[in-house]
Amino acid sequence: MKHILSKNKKLKTIILETAEIAGYLWQRGWAERNAGNISVNITEISNWEISDFDKYPFVELPYPYPKLVGSSFLVTGTGKRMRDLTRKPMNGLLAIKLNPEANGYWILSQKIGSDNFLPTSELPTHLGIHQMIAKRGSDEKVVMHTHATELIAVTQTKEFCSEASINKLLWGMHPETIIFIPKGVGFVPYMLPGSVGIAEETIKALQDHDVALWEKHGVFAIGNSVGGTFDVIDILAKSARIFFMCQSANILPDGFNEEQLGELKLLAGNF
Ligand code: 2HA
Ligand code: ZN
């Protein structure tokens, strides 16, 4: 890391945490090939003063993000593998900074002419989510997309393709789920990945949930830290695994009733 980023200790910590969690995504089997992407809003900890912006690659965005003027992000690169991030994080991550018009960004982790690569194909969705967070003024810094196999599997039947039915199922399988994810998950019906439509639906779903479940594709989750965002997906995936374990043993799981869920919800914060 022989560039402006290496002088920033807080950023280094976030890069190392992202690399560690990327390894867990791979170990879970949620990150086949180049699947998944992560972005972290690093505006608050960015200490760089740059006078020579023309040294860095500049990329135009298809539309502007007015609430993100001048914001900086750490983001995974397009085509990069999560499993490779664990060894050489900056070979798969970029640091970008939006311009004053918020209709383009400089790639601060690369110099023009070096081995350049671009951010994830899901960048419009990531920036749209960060903009929604900026608008409402909440603290989430991280957006994580991964192909959580167990959660994809439950969306393969129409039975669980609604917010009400998917949350009833996931909350019912394990106490942690309603304690740590009391708002449940939002549901996004199948749409072409990387499209404007799926970005809009995801942003809508994340307005009142920390997780959006993409039908037959994966999850988008937001959180204050990379590790904490992973934890939430991990808990949901465990619920789905319990459901499938019961199914494969020919057990029809009872789940929790409304009263049990209600008292579990009250444990949030001291569990
Ligand atoms: O980053 O997961 O949805 C690759 C993807 C696209
Ligand atoms: Zn994906």
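What this report covers is the structure whose coordinates are included nearby. Here the structure is a predicted model, which means the values were calculated and not measured.

Let us look at the coordination of the zinc ion (ligand 2). Coordination of the zinc ion (ligand 2) by the protein comes from His-145 (NE2), His-147 (NE2) and His-217 (NE2), over a distance range of 2.1 Å. In the primary sequence, the donor residues of the zinc ion (ligand 2) line up as H-x1-H-x69-H. Within this pair, whereas His-147 is found in the loop between strand E6 (142-146) and helix H4 (149-154), its partner His-217 is found in the loop between strand E8 (211-214) and strand E9 (218-223), the two being separated by 70 residues in sequence. One exposure class covers both His-147 and His-217, and it is buried.

As for its position among the elements, Asn-37 is in strand E1 (residues 37-41). A polar contact is formed between the side chain of Asn-37 and the side chain of Thr-120, at a distance of 3.1 Å.

We now examine the pattern of salt bridges. Scanning the entire structure with this criterion turns up 10 salt bridges. Measuring nitrogen to oxygen at the nearest pair gives 3.8 Å for the salt bridge that ties Lys-141 to Glu-44. Remark: Glu-44 occurs in the loop between E1 and strand E2 (58-60) and Lys-141 occurs in the loop between helix H3 (123-136) and E6; sequence separation between them is 97 residues. Between Glu-215 and Lys-216 there is a salt bridge whose closest N-O contact spans 2.7 Å. In this structure Lys-216 comes out as partly exposed when scored by relative accessible area, which is 38%.

Rules and cut-offs
- In every chain, residue numbers begin from 1 and rise along the written sequence.
- Following the order in which they are written, the chains are lettered starting with A and the ligands numbered starting with 1.
- With the structure being a predicted model, the display of local features is reserved for residues of pLDDT at least 70 and the display and counting of side-chain atom pairs for 80 or more, all residues being used for whole-chain, interface and lining totals.
- Side-chain measures here rest on the full set of heavy atoms in the structure, leaving out hydrogens and waters.
- For Na, K and Ca the donor cut-off is 3.2 Å; for every other metal, N, O and S atoms count as donors within 2.8 Å. Water does not enter the count, which can leave sites looking incomplete.
- Runs of E in the DSSP output that reach at least two residues are strands. Runs of H or I that reach at least four are helices, and both are numbered from the N terminus.
- Buried means the residue's accessible area, taken with a 1.4 Å probe over protein chains only, is under 20% of the maximum for its type, while exposed means over 50%, and partly exposed covers the values in between.
- Distance and chemistry together define a polar contact, namely a pair of N or O atoms within 3.5 Å, with one atom able to donate a hydrogen and the other to accept it when in protein, and with adjacent residues in sequence counting only for side-chain atoms on both sides.
- By definition, a salt bridge exists where a carboxyl oxygen of Asp or Glu is found within 4 Å of a side-chain nitrogen of Lys or Arg.

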